[in-house]
Amino acid sequence: MQLGKFKIPVLLATVTAMLLLSACGDSNNSKGETAAPSAGASTAPGSASASTEPSSSASAEAPADPMAKYDPAIELSTVVISDPTMKFENGDSVDNNKYYRTYEKELGIKLTNLWVADQSQRDQKMNLAISSNDLPDILHVDAKQLQLLYRSGKLVDLTDVYEQYATPFTKQFLTVDGGFNLESGKFNGRLFAIPETQSYLDGAFVLWIRTDWLTKLGLPEPKTMDDVLNIAIAFANDDPDGNGKKDTIGLPLTKDVFAGYAGTEGLFYGYGAYPGVDVWVQDDNGDLVSGNIQPQVKTALAKFQELFKAGVIDPEFGVKDVWKAAESAVAGKNGLFFGTMANSFQLQPGKERDPEMEWKAFPIPSADGGLAKVLRSRVTNTGYYVVNKSAKNPEAAMKMLNLFIDKQFGPTPDKEFVDDGVAWKLAALRPMPAAKNYDNFKAVRDALSSGDASKLTAEQQNIMKNVEQLKAGNVGDNNWAMVKVFGEGGSYAAIDQYVLGDSFRFNEFYGSPTETMLAKGSVLSKLTTETFTKIIMGKSAVEDFDDYVKKWKAMGGDAITQEINEWYSTKSK
């Protein structure tokens with residue numbers, strides 16, 4: 001990918017559920033270029049100052065060369081959140097892998113893991129580590145944890161470390177979006193966190209449908225949201241798996257309500273509603289309002305309730321996480337859900353089990369016809385990398401960042417690392433290029449159309465190998481899943497329609513959590529999830545949404561709205 005100036009279609013990305021790199025990048029939303037944030041951005045409204053004054057944190061003994069090797073070697077610690085899709089080979093493990101060995105060989109950095117936890121334990125383990133001050137030298141945190149660590153004075157001010165030790169390519173890499181992501185890691189104009197940037201469209205919601213079931217039931221591809229709902233009803237009632245039993249799910253959801261697989265977001269977008277975690281959209285006056293309390297949400301919740309009462313929605317969704325929700329599709333009991341670009345990897349085992357199974361990703365249609373506007377964010381990170389203030393060599397984190405970016409995405413990427421589909425997941429710092437996967441999609445599409453693959457990068461050539469392997473009949477080795485991201489009928493083909501149609505809506509808030517967010521955010525989030533779940537399941541009336549809005553505002557929502565708009569008034573529009 002060329003890391004120069006590039007046009008960012010009007011809305012950048014948020015979180016992604018599953019993130020691809022070796023052919024898929026690591027994984028929360030224009031015509032013309034986005035405006036760069038104003039220099040010296042302030043901390044979020046009401047945020048307490050750190051307990052110490054900002055100062056240069058680079059070690060006095062650190063070599064001037066940003067990639068110089070430590071001799072003798074130094075030791076650093078981190079923690080690892082394991083990935084259930086990760087498979088190790090050749091004796092590698094979370095403690096001994098290609099990146100850890102390379103850190104020591106090329107940089108003289110011995111990296112060790114204080115602990116390893118799976119995703120379900122992440123928040124509990126991380127919050128315990130923060131509260132007990134049992135922190136590694138380098139760790140990955142979410143926005144709320146970042147704010148807590150900053151307020152307690154536990155973080156290194158990385159401003160001077162970044163200026164001195166980030167290579168020119170790393171700086172270009174991290175600011176190609178106009179600087180929004182890097183800005184989100186600043187407090188009072190000082191950099192305390194490096195964002196884990198993501199490919200800016202990876203989190204865009206699409207509609208996944210089993211097209212072999214469409215054909216079997218004689219149903220057309222959807223053009224409107226009513227078409228989508230009718231397909232879901234048919235998939236629940238008309239025996240699409242042909243076993244003579246009513247045992248299929250029309251629409252799966254998850255207990256978290258908002259999720260990267262089987263999330264509610266896609267249907268909400270179809271009705272012009274934008275609820276979610278910390279989603280703030282512009283109203284008609286140009287002010288920011290919470291997406292959770294807008295009247296369009298009530299309209300969509302009524303549709304959800306209709307579907308649930310009709311037996312279309314999975315009746316057990318309230319106890320299922322995303323992985324459990326995916327089991328129905330893999331087992332051949334579900335053929336439609338709203339998700340994101342990488343969900344084909346969760347469907348891959350189902351395709352291997354049943355070669356006749358075929359899925360296609362569609363752009364989400366609106367209730368009024370045409371494309372729905374899907375939510376994107378000004379920032380595209382899925383967390384932040386921070387350095388413990390007690391770390392003796394904070395600049396080492398920047399060297400590790402340089403190494404990762406250079407080997408994976410530099411002017412001459414290291415093929416050994418690009419071709420490895422596992423090692424990148426264990427790099428201590430691993431941001432992704434802002435347009436990587438969209439660039440990959442367009443390059444592979446053009447190469448397939450022209451028959452000329454000579455200009456493809458190493459990563460794009462790997463995708464072409466997946467295409468060729470699938471054509472040769474090899475569904476496995478994630479060939480099918482990869483093609484369902486980058487090939488015909490894949491998720492990026494659907495996302496490309498959003499880009500061409502400028503069919504996005506911004507989540508405008510990209511600052512650190514405000515004072516009231518920290519105090520009341522989890523309570524309001526729980527209120528939202530419980531209220532939406534009860535309405536969907538018919539345990540509460542749709543009209544109860546109005547009472548929820550009143551409670552939300554009284555329990556801290558109004559105060560947060562004021563703080564958000566105070567922050568927004570300082571930003572370039």
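Keep in mind the model is a prediction, meaning the values are calculated, not measured.

Basis of the calculations
Residues numbered from 1 in each chain as written. Predicted model: local features only at pLDDT ≥ 70, side-chain atom pairs only at ≥ 80, totals over all residues. Heavy atoms only, no water. Pairing = 2+ DSSP bridges. Helix = DSSP H or I, 4+ residues; strand = E, 2+ residues; numbered from the N terminus. Axes fitted to C-alpha atoms, helices over the stretch in contact; angles between N-to-C directions. Buried < 20%, exposed > 50% of the residue type's maximum accessible area, 1.4 Å probe, protein only. Contact = heavy atoms within 4.5 Å. Phe/Tyr/Trp six-rings, centres within 6.5 Å; stacked < 30°, edge-to-face > 60°. Lys NZ or Arg CZ within 6 Å of the ring centre and 35° of its normal. Lys, Arg positive; Asp, Glu negative; His and termini not counted. Salt bridge = Lys/Arg side-chain N within 4 Å of Asp/Glu carboxyl O. Polar contact = N/O pair within 3.5 Å; in protein donor to acceptor, adjacent residues only side chain to side chain. Expected span 1.5 Å × (residues − 1). Arc of directions from axis to C-beta. Core = buried A, V, L, I, M, F, W, Y, C linked by side-chain atoms within 4.5 Å.

Draft legend 1. Focus on the sheet that holds strand S13 (residues 381–387). Reading across from one edge, S3-S13-S6 is the order of the three strands in this open sheet, with antiparallel pairing throughout. Each end of this open sheet is capped by a strand with a single partner; those strands are strand S3 (138–141) and strand S6 (194–197). Put simply, the sheet's adjacent strands are angled 30° from each other on average, direction ignored.

Draft legend 2. The side chain of Gln145, seen in detail. Mapped onto the fold, Gln145 is located in helix H3 (residues 143–151). A relative accessible area of 2% means that Gln145 is categorised as buried. When near neighbours in sequence (up to four residues on either side) are disregarded, Gln145 contacts Arg122, Asp123, Met126, Asn127 and Ile130.

Draft legend 3. Expanded view of the packing of aromatic side chains. Scanning the model with the defined rule gives 32 aromatic pairs in all. Geometrically, the ring pair formed by Trp208 and Phe337 is stacked, given 6.4 Å between the ring centres and 20° between the ring planes. Taken together, the positions of Trp208 in strand S7 (residues 206–210) and Phe337 in strand S10 (residues 336–339) put the pair 129 residues apart, joining distant regions of the chain. You can call Phe337 buried: its relative accessible area is 0%. Following the ring pairs from residue to residue traces out a cluster consisting of Tyr99, Tyr100, Tyr103, Phe173, Phe404, Phe409 and Phe417. The aromatic ring of Phe417 is capped on one face by Lys98, whose charged end is 5.7 Å from the ring centroid.

Draft legend 4. Structural context of the side chain of Lys399. Position of Lys399 among the secondary structure elements: in helix H13 (residues 395–409). For Lys399, which is buried and forms no salt bridge, the nearest opposite charge comes from Glu395, at a distance of 5.5 Å. There is a polar contact of 2.8 Å between the side chain of Lys399 and the backbone oxygen of Ala68.

Draft legend 5. Focus on helix H10 (residues 295–309). Its 15 residues place the ends of H10 22 Å apart at the C-alpha level, agreeing with the 21 Å of an ideal helix rising 1.5 Å per residue. Those residues of H10 that fall on the buried side of the exposure criterion are Val297, Ala300, Leu301, Phe304, Gln305, Leu307 and Phe308. Looking straight down H10, one finds its buried side chains confined to an arc of 160°; they lie on one side. Turned more than 90 degrees off the buried face of H10, the exposed positions are Pro295 and Lys309. In this structure, the buried side of H10 is in contact with helix H8 (225–237), helix H9 (265–270), helix H19 (515–536) and helix H20 (544–568). Among the residues trailing H10, Gly311 stands out with phi positive, at a value near 80°.

Draft legend 6. Molecular detail of the nonpolar core. Membership of the largest hydrophobic core comes to 100 residues, with the highest contact counts inside it found for Leu251 and Leu267. Here this core gets eight residues from one element, more than from any other, and that element is H20. If sequence neighbours within four positions are ignored, Leu251 has contacts with Leu267, Phe304, Leu307, Val312, Ile313, Asp314, Asn334, Leu336, Phe337 and Phe338. Counting 45 residues, the second largest nonpolar core, distinct from the first, contains Tyr70, Phe169, Met400 and Ala427.

Draft legend 7. Region of interest: the environment of Thr248. Its place among the elements puts Thr248 in the loop between H8 and H9. Among the residues examined, Thr248 registers a relative accessible area of 8% and is labelled buried. In sequence terms Thr248 and Ala329 are 81 residues apart; their C-alpha atoms lie 9.4 Å from each other. Ignoring any residue separated from it by four or fewer positions in sequence, one finds Thr248 in contact with Trp213, Phe235, Ala236, Pro240, Asp241 and Lys333. Of the polar contacts made by the side chain of Thr248, one reaches the backbone oxygen of Phe235; its length is 2.6 Å.

Draft legend 8. Looking closely at the sheet that holds strand S11 (residues 359–362). Strand order in the open sheet made by the three strands is S10-S7-S11, with antiparallel pairing throughout. If you trace the sheet from one side to the other, it starts and ends with S10 and S11, each paired once. The sheet shows a mean angle of 25° between the axes of neighbouring strands, direction not considered. Note that S7 and S10 share four bridges and pair antiparallel. Paired with Leu207 across the strands is Phe338, a residue of S10. On the sheet, helix H18 (residues 491–500) packs against S7 and S11 and is oriented at approximately 140° with respect to S7.

Draft legend 9. Main features of the environment of Ser540. Residue placement: Ser540 occurs in the loop between H19 and H20. Accessibility expressed as a relative area gives 17% for Ser540, which makes it buried. Expressed as a C-alpha distance, the spacing of Ser540 and Gln305, which sit 235 residues apart in the sequence, is 9.6 Å. Leaving out residues up to four positions away in the same chain, Ser540 has contacts with Gln305, Lys534 and Ile535.

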